[in-house]
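Okay, here's what each chain looks like letter by letter:
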Amino acid sequence: MSFRRVPASALNILRRVGCRVRHDGAVDFEPYRAELVAYCYRMVGSFHEAEDHAQETMLRAWKARDRYDATRASLRTWLYRIATNVCLTALEGRARRPLPSGLGAPSDDPEAPLAPAFDIPWLQPFPDARFEVEVRADMRLALVAAMQTLPPRQRAVLMLREVLEFSAAEVAVQLGTTVPAVNSALQRARAALAEAGEATDVNEVSEPDDPKVREVIEHYMRGFETADVPALVRLLTDDAVLEMPPVPLWYRGGHDYGLFMRRVFGMRGTGWALRRLTANGQPALAAYAPEPGGGHRLHTLQVLTVTGGRIARNVVFADPAVFEAFGLPQGIVFDMFDGLR
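Here is a short report on the structure shown in this document. (Residues numbered from 1 in each chain as written. Predicted model: local features only at pLDDT ≥ 70, side-chain atom pairs only at ≥ 80, totals over all residues. Heavy atoms only, no water.)

1. With respect to the packing of helix H4 (residues 75-91) against helix H6 (residues 152-163)
To be explicit about the condition: Only the contacting stretch of a helix is used when fitting its axis, a line to C-alpha atoms as for every element, and angles between N-to-C directions run 0 to 180 degrees. Comment: elements are numbered from the N terminus, with helices defined as DSSP H or I runs of at least four residues and strands as E runs of at least two. In what follows, roughly perpendicular refers to angles from 65 to 115 degrees, roughly parallel to angles under 35, roughly antiparallel to angles over 145, and oblique to any angle outside these ranges. Left-handed describes a crossing whose near helix is turned anticlockwise from the far helix through less than a right angle; right-handed describes the clockwise counterpart. Every residue pair with non-hydrogen atoms within 4.5 Å of one another is taken to be in contact. Residues are sorted three ways: Asp, Glu, Lys and Arg are charged, Ala, Val, Leu, Ile, Met, Phe, Trp, Tyr, Cys and Pro are nonpolar, and all the rest, Gly among them, are polar.
The contact between H4 and H6 brings their axes to 10 Å, and the two run at 155 degrees. Between H4 and H6, the crossing angle belongs to the class labelled roughly antiparallel. For the pair H4 and H6, the sense of crossing is right-handed. Between H4, through Tyr80, Thr84, Leu88 and Leu91, and H6, the contact on the second element is made entirely by Pro152, Arg153, Arg155, Ala156 and Leu160. A class-by-class count of the residues in the contact of H4 with H6 yields six nonpolar, one polar and two charged.

In structure tokens form, the structure reads like this:
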């Protein structure tokens, strides 16, 4: 199930009144909005739903403001308890949000039909520019994908204990359970994620503002814009992954990556335009394909994982909802990209 978007009238109430509640002094909800959206995103794997759930959390907090007791829990702890209940309710009976690489073996046919699977609720990327989040290492796309494989309550325990650093006692109160149950769920979640191996090793993923990463991305952009497939392949790790939700196909290794890119450039031509972004604390690119009559049309959003000076993964999104979340224009003229890299 999915929570409805909070009506504009209710949001206006939140912004005018609910975000500053008089209770033994001023209590301000608004500073917690960004981290609540990030938390909900890691819980449900959808940026749009995360915004809805954070709004629902703020609205519930505003309605329950008279019942908040500062002597029993901090405001932050109280808000996360509400947010956790909102997310757990939303996740009841719902399938996880995967990436194609989480559904089966890689394809060995770069010419396979590109048939989208719209019945699968695919994992979405997080647009960094929309919210200021202090630490993004735990937002890595592969890690969020791995976390979606956990049962929702284990997911919540892992997030609250390991990422947000609440105590076991605080998490027990937030989930309405016991400290031993929290510790047991945390151990099971850690064991399950350990089996994911490379997907959870976020320490090896380089930051997008690292000069070496920027250099790699710059070379990749030049190769992509000129359809230079050998140049692109030289930038890849040996077992680089290419996946393209909502198409349930993925490829591993530079050979198949290169063959697929030849297919793309053969279909869409050369002279692409790229815009540099970040998503999930990783470098990202908005790719605009050349139009026959001139100009460029938005084609995909690509989220890149750079490790050891090479590109280890490229998750290519073609979902209009993702484009909307990142505020990407559908069409551009090439000159608009001057200075935007």
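2. A look at the environment of Met147
Looking at where Met147 falls in the secondary structure, it is placed in helix H5 (residues 141-147). Sequence spacing of Met147 and Met43 is 104 residues, and the spatial spacing of their C-alpha atoms is 8.0 Å. Residues within four places of Met147 in sequence aside, it is in contact with Arg42, Arg155, Leu158, Met159 and Leu193.

3. Thoughts on the environment of Val86
Inspection of the secondary structure puts Val86 in helix H4. Note: C-alpha distance between Val86 and Thr57 (29 residues apart in sequence) is 6.9 Å.

4. Overview of helix H7 (residues 168-175)
So the rule is basically this: Summary of the burial criterion: residues with accessible area below 20% of their type's maximum are buried, those above 50% are exposed, and those between are partly exposed, where the area comes from a 1.4 Å probe applied to protein chains only. The directions considered for the arc are those from the helix axis to the C-beta atoms.
Turning to H7, its buried residues are Ala168, Val171, Ala172, Gln174 and Leu175. Down the axis of H7, the smallest arc covering the buried residues is 165 degrees, so these residues share one side. Among the structural elements, H4, H6 and helix H8 (179-194) are those in contact with the buried residues of H7. Just downstream of H7, Gly176 is the residue with a positive phi angle, here 65 degrees.

5. A closer look at the nonpolar core
A general trend in soluble globular proteins is that nonpolar side chains are found buried together. Rules: By nonpolar core we mean a set of buried residues, namely Ala, Val, Leu, Ile, Met, Phe, Trp, Tyr and Cys, connected to one another through side-chain atoms within 4.5 Å.
Core analysis: the largest hydrophobic core is formed by 72 residues, its most contacted members being Tyr39, Trp78, Leu301 and Leu328. The leading source of residues in this core is H4, at 10 residues. Not counting residues up to four positions away in its chain, the partners in contact with Trp78 are Phe29, Ala61, Ala64, Arg65 and Tyr68. Of all hydrophobic cores here, the second largest spans 32 residues; its members include Tyr220, Leu236, Ala240 and Val316.

6. Quick notes on the packing of helix H3 (residues 47-63) against H4
Where H3 contacts H4, the axes come no closer than 9 Å and their chain directions differ by 130 degrees. Relative to H4, the element H3 lies oblique. Along this stretch, H3 crosses H4, giving a crossing that reads as right-handed. Contact residues: H3 offers His53, Glu56, Thr57, Arg60 and Ala61, while H4 offers Trp78, Leu79, Ile82, Ala83, Val86, Cys87 and Ala90. Here the contact of H3 with H4 is built from residues that sort into eight nonpolar, two polar and two charged.

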